[in-house]
Number of protein chains: 2
Amino acid sequence: MLNWYLQSGDNSDVVVSSRIRLARNIADFPFELKCDKNKKAEIIKIIEDAIIGNKYGLKLLKLKDMDEITIKSLLEKRLISPDFVNENDDQKAILINDEENICAMIHTEDHLRLQVFSSGLELDNLLNLIIELDEFLQEKLNFAYSEKYGFLTACPIEAGTAMKASVLVHLPALTTTGNIGKVLDIINNFGMNVSGVHGEGTKSEGDLYQISNKQTLGISEKEIIKKLKLITDKIMEQERIARKYLAKNRIDLEDSLYRAYGVLVNCRRISENECKDLLSKVKLGTDLGIINELTDLKVNKLLLYTNSANLQKYLGKKLEGLELNAKRAEVIKTIVKE
Amino acid sequence: MLNWYLQSGDNSDVVVSSRIRLARNIADFPFELKCDKNKKAEIIKIIEDAIIGNKYGLKLLKLKDMDEITIKSLLEKRLISPDFVNENDDQKAILINDEENICAMIHTEDHLRLQVFSSGLELDNLLNLIIELDEFLQEKLNFAYSEKYGFLTACPIEAGTAMKASVLVHLPALTTTGNIGKVLDIINNFGMNVSGVHGEGTKSEGDLYQISNKQTLGISEKEIIKKLKLITDKIMEQERIARKYLAKNRIDLEDSLYRAYGVLVNCRRISENECKDLLSKVKLGTDLGIINELTDLKVNKLLLYTNSANLQKYLGKKLEGLELNAKRAEVIKTIVKE
């Protein structure tokens, strides 16, 4: 079974992936900022006990036991957030299963941030899964909850459902036509956050944008999903209109996409950033049925394994700088020829 | 049998082709500038009679009977010069054989400019051929000749041997290393002309330069060839040193050459100029044994048929502007896949 990030899902010509996360804190423990090392260790122990014999295949892994490349590879897969990695704290841990469609961060801004992932647009199923997981954990763990505010979080504005649902969308045509700014404004005015691939405050790479709800309090989980689906439908519509517009000048579009493909599969060294730019065009080309040399799976593999840490995971060895750029070009050729 | 311009010859990693031309004028006729229409027609008739039953397969073709694309295709093959084409004169004609390794221009600056061509560095054989041709024509035609000055030409400084020998050299590595200016200065100081692909006053395209003798008077034909061979040896040496220097940074070189190849064979529209730039790198790549996807023949075909007029000849139809750029990309793919 392929990991979710190598699969294609519903509407994955525009929606690369969906994600839902719930922030939870264990009652009778101070919030993270005031939680000392011993308390943190205690929380980890409680959670470790709670998942014993769980049916999801969840295991608890401590970040201090992982090498740097493994941690970076999780970040590149968007399973964990940059903030979680950057803070120096030897009490950090994750709960993760083999499929990697469940990954909880322990000791981030909150004690526990439970996350579920899927390729494509898959918010309803993800909501069911995360509710089930949350109920499973609540049976064992006593989550901080108030009748008035709902689930309590370190940052008060995240309380209530304490839920963030997001989609990662690929908007190359809106970027090319120059309408991206207008569309992002509309999303913002609709009460949604727009950010780069690694969440709020990060930059867009390869024409990928993450769209997530702002409001968590005074709104139900189902309403959040409904609203996100509504705006995602609009974004998909706008991106597809832009793609049709570009396709009117068919040969220009084909030329631009195939030149990117030509450089990608023939270069002998390539940086991660250039790779992201070229892969954005190559993905658009395969999604539009213009580039037939690659399957969706190969594009997904290229999108994953051209990231520096996953590249090193793929090769099974540690590499640096320029050497990495040369190996990236080799791996691209290997995946293309598979 | 392939036409010479599709063949590879001696040292054709650097020397694309060799050419020798002799300027001749028919005695008892005024030079071109003072030659009226009737006299010009008379000269054509004399030459036409002179070549009856010739063993070289030479035929006389009048430019006024040729379509524009055919004339331009001859120019692109460097069989005729831009000046010859640009002057509006319905008395212009050429002598040409099927192999196209002999092409004489009638009514250019002189009455007759006899030319022979070969791929690679082939000056000795060309000299033998053109001397033989000249002797054959002299038996029938009375060339203007003075004991003191040798063969007389419209431009006095071209008299004597009235011979120009040239090589077309491909100098991409000297261009990349930035040493090209120095090398061209040396060639100039050695008493040689350096020019673009279409002779004096034309620009270099695709890192191709034409090197020819300046002096025609007070020097023998053999001495001209000897001197040109000497400087060509030096140029080849310098270009090959520059190539070795570039190859020290092997992966950078491969990357640059293969990116050009990738764009060339994947683009869906391409201008003639971009094509020349890319083909310069692709030829360097095949000559260095780095790009193995193409044979020399394919590179020579690409160099020929991506020129606008020869492209239309290849396709057998007249095309314009943007349409031509799209068809050029198609023909590239066809030739590569042959």
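(A) Spatial organisation of the overall build of chain A. Assigned secondary structure in chain A consists of 12 helices and 10 strands. Put simply, chain A has 338 residues, and 57% of those count as buried. In chain A, 69% of the contacts between residues at least 6 apart in sequence involve partners at least 24 apart. Taken as a whole, chain A presents about 15100 Å² of accessible surface, with 50% of it coming from carbon and sulfur.

(B) The pattern of salt bridges, seen in detail. Within the structure shown, the criterion is met by 58 salt bridges over all chains. A salt bridge links Arg243 of chain A to Asp13 of chain A; the nearest nitrogen and oxygen atoms lie 4.0 Å apart. With Arg243 of chain A in helix α7 (residues 221–248) and Asp13 of chain A in the segment before β1 (15–24), the pair connects residues that are 230 residues apart, well separated along the chain. The closest approach of N and O atoms between Glu272 of chain B and Lys276 of chain B, which form a salt bridge, is 3.6 Å. Here Lys276 of chain B and Glu272 of chain B lie together in helix α9 (residues 272–287), a separation of 4 residues that amounts to about one turn. With a relative accessible area of 21%, Glu272 of chain B lands in the partly exposed category.

(C) A look at the nonpolar core. With 212 residues, the main nonpolar core has Ile20 and Ile211 of chain A together with Ile20 and Ile211 of chain B as its most contacted residues. Those residues within four positions of Ile211 of chain B in sequence are excluded, and the remaining contacts are Ala165, Ser166, Val167, Val169, Ile187, Met192, Asn193, Val194, Leu228, Ile231 and Ile235 of chain B.

(D) Region of the structure containing the interface of chain B and chain A. Each partner contributes to the interface: chain B provides 16 residues, whereas chain A provides 16 residues. Together chain B and chain A conceal approximately 1600 Å² of surface at their shared face, both sides included; 51% is due to carbon and sulfur atoms. Of all residues in chain B, Arg259, Arg268 and Arg269 of chain B bury the most surface against chain A, accounting for 40% of the area lost on that side. Summed over the shared surface of chain B and chain A, the result is 6 salt bridges. Across the salt bridge formed by Asp252 of chain A and Arg269 of chain B, the nearest N and O atoms sit 2.3 Å from each other.

(E) Quick peek at the packing of aromatic side chains. For the coordinates displayed, the defined rule picks out 12 aromatic pairs over all chains. With a centroid separation of 5.7 Å and an interplanar angle of 65°, the aromatic rings of Tyr56 of chain A and Phe136 of chain A are classed as edge-to-face. One end of the pair, Tyr56 of chain A, is in the loop between α1 (37–50) and β2 (59–62); the other, Phe136 of chain A, is in helix α4 (residues 123–140), with 80 residues separating them in the sequence. When sorted by exposure, Tyr56 of chain A lands in the same class as Phe136 of chain A, which is buried. Centre to centre, the rings of Trp4 of chain B and Tyr5 of chain B are 5.3 Å apart; their planes meet at 75°, and the pair counts as edge-to-face. Taking relative accessible area as the criterion, Trp4 of chain B reaches 7% and is therefore assigned buried. Given the relative accessible area of 16%, Tyr5 of chain B is considered buried. Through a chain of ring-to-ring contacts, three or more aromatic side chains come together here, namely Trp4, Tyr5 and Phe117 of chain A. Over the aromatic face of Phe151 of chain A sits the side chain of Arg24 of chain A, whose NZ or CZ is 3.5 Å from the ring centroid.

(F) Quick peek at the sheet that holds strand β3 (residues 93–96) of chain B. All names here are of chain B. Spatially, β2-β3-β4-β5-β1-β8-β10-β9 is the arrangement adopted by the 8 strands of the open sheet, whose pairing is antiparallel. The two strands at the open ends of the sheet, each matched to only one other strand, are β2 (59–62) and β9 (192–195). Ignoring strand direction, the axes of neighbouring strands in this sheet form an average angle of 20°. The pairing of β2 with β3 spans 4 bridges and is classified as antiparallel.

(G) Region of interest: helix α2 (residues 68–76) of chain B. Residue and element names in this part refer to chain B. With 7 of its 9 residues buried, α2 lies for the most part within the structure. Residues of α2 that are buried: Ile69, Thr70, Ile71, Ser73, Leu74, Leu75 and Glu76. On its buried face, α2 is in contact with α3 (82–86), β3, α9 and α11 (308–315). Between the side-chain oxygen of the N-cap and the backbone nitrogen of Ile69 there are 3.1 Å, and the N-cap of α2 in question is Asp67. Note on α2: the residue one or two positions beyond its end, Arg78, has a positive phi of about 65°.

(H) Focus on the domain arrangement of chain A. Residues and elements named next belong to chain A. Considered domain by domain, chain A is made up of domain 1 (4–241) and domain 2 (250–337). Distance from the C-alpha centre of domain 1 to the C-alpha centre of domain 2: 27 Å. Counting residues at the interface gives 19 residues for domain 1 and 20 residues for domain 2. Roughly 1600 Å² of surface becomes buried between domain 1 and domain 2 when both sides are summed, with 59% attributable to carbon and sulfur atoms. If you sort the residues of domain 1 by the area they bury against domain 2, Leu6, Ile69 and Glu76 come out on top, with a joint share of 38%. Here Glu205 makes a salt bridge to Lys276, at a shortest N to O gap of 3.7 Å. For the interface between domain 1 and domain 2, the tally reads 11 residue pairs in polar contact (both at pLDDT 80 or more). A total of 6 residues in the side of domain 1 that touches domain 2 trace back to one element, the largest contributor, which is helix α2 (residues 68–76). The residue inventory of the side of domain 1 that touches domain 2, partitioned by class, reads 5 nonpolar, 7 polar and 7 charged.

Cut-offs used in this document
- Residues numbered from 1 in each chain as written.
- Chains lettered and ligands numbered in written order.
- Predicted model: local features only at pLDDT ≥ 70, side-chain atom pairs only at ≥ 80, totals over all residues.
- Heavy atoms only, no water.
- Helix = DSSP H or I, 4+ residues; strand = E, 2+ residues; numbered from the N terminus.
- Buried < 20%, exposed > 50% of the residue type's maximum accessible area, 1.4 Å probe, protein only.
- Contact = heavy atoms within 4.5 Å.
- Areas by Shrake-Rupley, 256 points an atom, 1.4 Å probe, with all protein chains shown as cover.
- Salt bridge = Lys/Arg side-chain N within 4 Å of Asp/Glu carboxyl O.
- Core = buried A, V, L, I, M, F, W, Y, C linked by side-chain atoms within 4.5 Å.
- Buried area = accessible area lost by both parts, 1.4 Å probe.
- Phe/Tyr/Trp six-rings, centres within 6.5 Å; stacked < 30°, edge-to-face > 60°.
- Lys NZ or Arg CZ within 6 Å of the ring centre and 35° of its normal.
- Pairing = 2+ DSSP bridges.
- Axes fitted to C-alpha atoms, helices over the stretch in contact; angles between N-to-C directions.
- Polar contact = N/O pair within 3.5 Å; in protein donor to acceptor, adjacent residues only side chain to side chain.
- Domains from an automatic or database assignment.
- Nonpolar A, V, L, I, M, F, W, Y, C, P; charged D, E, K, R; others polar.

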